[in-house]
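Residue strings, one per chain:
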Amino acid sequence: MRPSPLTTALLAPFLVRRLPAAASGSVLLTFDDGPVRGVTEGVLDRLAEHSARALFFVVGRQVEAAADLARTVVESGHAVGNHSHTHVMARLPVPGAYFSDVRLCSAAVERATGQAPRFFRAPGGRIHPASLAVSRRFGMAHVLWSLDSLDWQCNDPGAAADLGRRLAVEARGGDIVLLHDFSPVVHPLLDQLLPGLTARGFDLSGGLTALDREGPQ
Ligand SMILES: [Zn+2]
């Protein structure tokens, strides 16, 4: 599923939804809501097999529960982004409380990995004044996506594999793909998606480098 062109145009100055033009031959995979033991490790193995570098939007309290896993993500060449501490889903949160929550996530990531996050993604992709302001306040680029896998709707491995095959066909150069590493169904999905994207000639590591070079909006 892709975001509507109108919202994309209106919010373009504030949000990154696609990779910079220099990375038009790349596809960047992003994984939200981890790290989760028993899931994230399998994601890392599969990414390594395909020399892919991904962006993990972690939840701070998950990082506190699995700090070693967050560190492994970074040591494996991926980036860790801030997805808030408690996955705040309020439609119009109190800005002060929202800022504190996001700050807690950055602190947890820095403690675990030694690096403060440079990227932010609002939980649920919820855009409101607080989520638009917080990334600027903390010097992070606010990164959403251009292709939503809807992987959270899959709860069996066969459906996830079908979805992986479909996404590999649907992906376009420059896409930022939204996935999750909270359920093991992401493994059969990646077993189809990664070879499919590789076969189409996409660069699965350059997108992160290009995004990093751009810096905050
Ligand atoms: Zn999320």
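Residues numbered from 1 in each chain as written. Predicted model: local features only at pLDDT ≥ 70, side-chain atom pairs only at ≥ 80, totals over all residues. Heavy atoms only, no water.

(A) Just the overall build of the protein, in detail. Helix and strand content of the protein: nine helices and seven strands. At 16 Å, the protein has a C-alpha radius of gyration in line with the 17 Å of a compact globule built from 217 residues. Viewed in the frame of its principal axes, the protein has a C-alpha envelope of about 45 × 40 × 30 Å. Every one of the 217 residues in the protein was classed for burial, and the buried ones make up 53%. Put simply, 79% of the contacts in the protein that link residues at least 6 apart link residues at least 24 apart. Taken as a whole, the protein presents about 9,300 Å² of accessible surface, with 56% of it coming from carbon and sulfur. Each charge sign in the protein was given a centre, from 21 positive and 21 negative side chains, and these centres are 7 Å apart. (Helix = DSSP H or I, 4+ residues; strand = E, 2+ residues; numbered from the N terminus. Rg over C-alpha atoms; globule rule 2.2 N^0.38 Å. Buried < 20%, exposed > 50% of the residue type's maximum accessible area, 1.4 Å probe, protein only. Contact = heavy atoms within 4.5 Å. Areas by Shrake-Rupley, 256 points an atom, 1.4 Å probe, with all protein chains shown as cover. Lys, Arg positive; Asp, Glu negative; His and termini not counted. Charge placed at Lys NZ, Arg CZ, Asp CG, Glu CD.)

(B) Structural detail: helix α8 (residues 186-199). Between its first and last C-alpha atoms α8 spans 20 Å; for 14 residues at 1.5 Å apiece the expected length is 20 Å, and the two agree. All buried positions along α8 are accounted for by Val186, His187, Pro188, Leu189, Leu190, Leu193, Leu194 and Leu197. In this structure, the buried side of α8 is in contact with β1 (28-32), α2 (40-49), α7 (157-170) and β7 (176-180). Positioned one or two residues after α8, Gly201 has a phi angle of 85°, which is positive. (Expected span 1.5 Å × (residues − 1).)

(C) Up close: helix α6 (residues 129-137). What α6 keeps buried is the set Ala130, Ser131, Val134 and Ser135. For α6, the arc enclosing every buried residue in end-on projection is 125°, short of the 170-degree limit, so these residues lie on one face. For α6, the exposed residues set more than 90 degrees away from the buried face come down to Pro129 and Arg137. Once α6 ends, the next one or two residues include Gly139, with phi positive near 65°. (Arc of directions from axis to C-beta.)

(D) The coordination of the zinc ion, seen in detail. Around the zinc ion, the protein supplies Asp33 (OD), His83 (NE2) and His87 (NE2) as donor atoms, at distances of 2.1 Å. Spacing between the donor residues of the zinc ion along their common chain follows D-x49-H-x3-H. Residue Asp33 is found in the loop between β1 and α2, and its partner His83 is found in the loop between β3 (79-82) and α5 (95-113); the two are separated by 50 residues along the sequence. (Donors = N, O, S within 2.8 Å, 3.2 Å for Na, K, Ca; no water.)

(E) The arrangement of the packing of α2 against α8 in detail. In contact at an axis separation of 10 Å, α2 and α8 are set at 10° when each is read in the N-to-C sense. The orientation of α2 with respect to α8, classified from their angle, is roughly parallel. The segment α2 lies against α8, with Gly42, Val43, Arg46 and Leu47 engaging Val186, His187, Leu190, Asp191 and Leu194. (Axes fitted to C-alpha atoms, helices over the stretch in contact; angles between N-to-C directions. Parallel < 35°, antiparallel > 145°, perpendicular 65-115°, else oblique.)

(F) Layout of the nonpolar core. Core analysis: the largest hydrophobic core is formed by 39 residues, its most contacted members being Leu29, Phe31, Leu47, Phe56, Leu190 and Leu193. In terms of residue count, the dominant contributor to this core is α8 (six residues). Ignoring anything within four residues of it in the chain, the contact list for Leu47 reads Leu29, Phe31, Ala52, Ala54, Phe56, His78 and Leu194. Counting residues in hydrophobic clusters, the runner-up holds 19 residues, among them Leu15, Leu19, Phe57 and Ala210. (Core = buried A, V, L, I, M, F, W, Y, C linked by side-chain atoms within 4.5 Å.)

(G) Local environment of the side chain of Arg121. Note on placement: Arg121 falls in the loop between β4 (119-120) and α6. One polar contact links the side chain of Arg121 to the main-chain carbonyl oxygen of Val143, over a distance of 3.0 Å. When near neighbours in sequence (up to four residues on either side) are disregarded, Arg121 contacts Thr30, Asp32, Phe57, Asn82, His83, His142, Val143, Leu144, Trp145, Ile176 and Leu178. (Polar contact = N/O pair within 3.5 Å; in protein donor to acceptor, adjacent residues only side chain to side chain.)

(H) Looking closely at the pairing of β7. By the criterion of burial, β7 is predominantly enclosed, with five of the five residues buried. Of the two faces of β7, both are covered, the one formed by Ile176, Leu178 and His180 as well as the one formed by Val177 and Leu179. Where β1 and β7 come together, five bridges link them in parallel fashion. Paired with Thr30 across the bridge in β7 is Leu178. Here strand β6 (residues 147-148) pairs with β7 via two bridges, running parallel. Looking at the pairing, Asp148 lines up with Leu178 of β7. A crossover connection joins β6 to the parallel β7 through α7; in handedness this β-α-β unit is right-handed. (Pairing = 2+ DSSP bridges. Right-handed = clockwise from strand over helix to strand, strands pointing away.)

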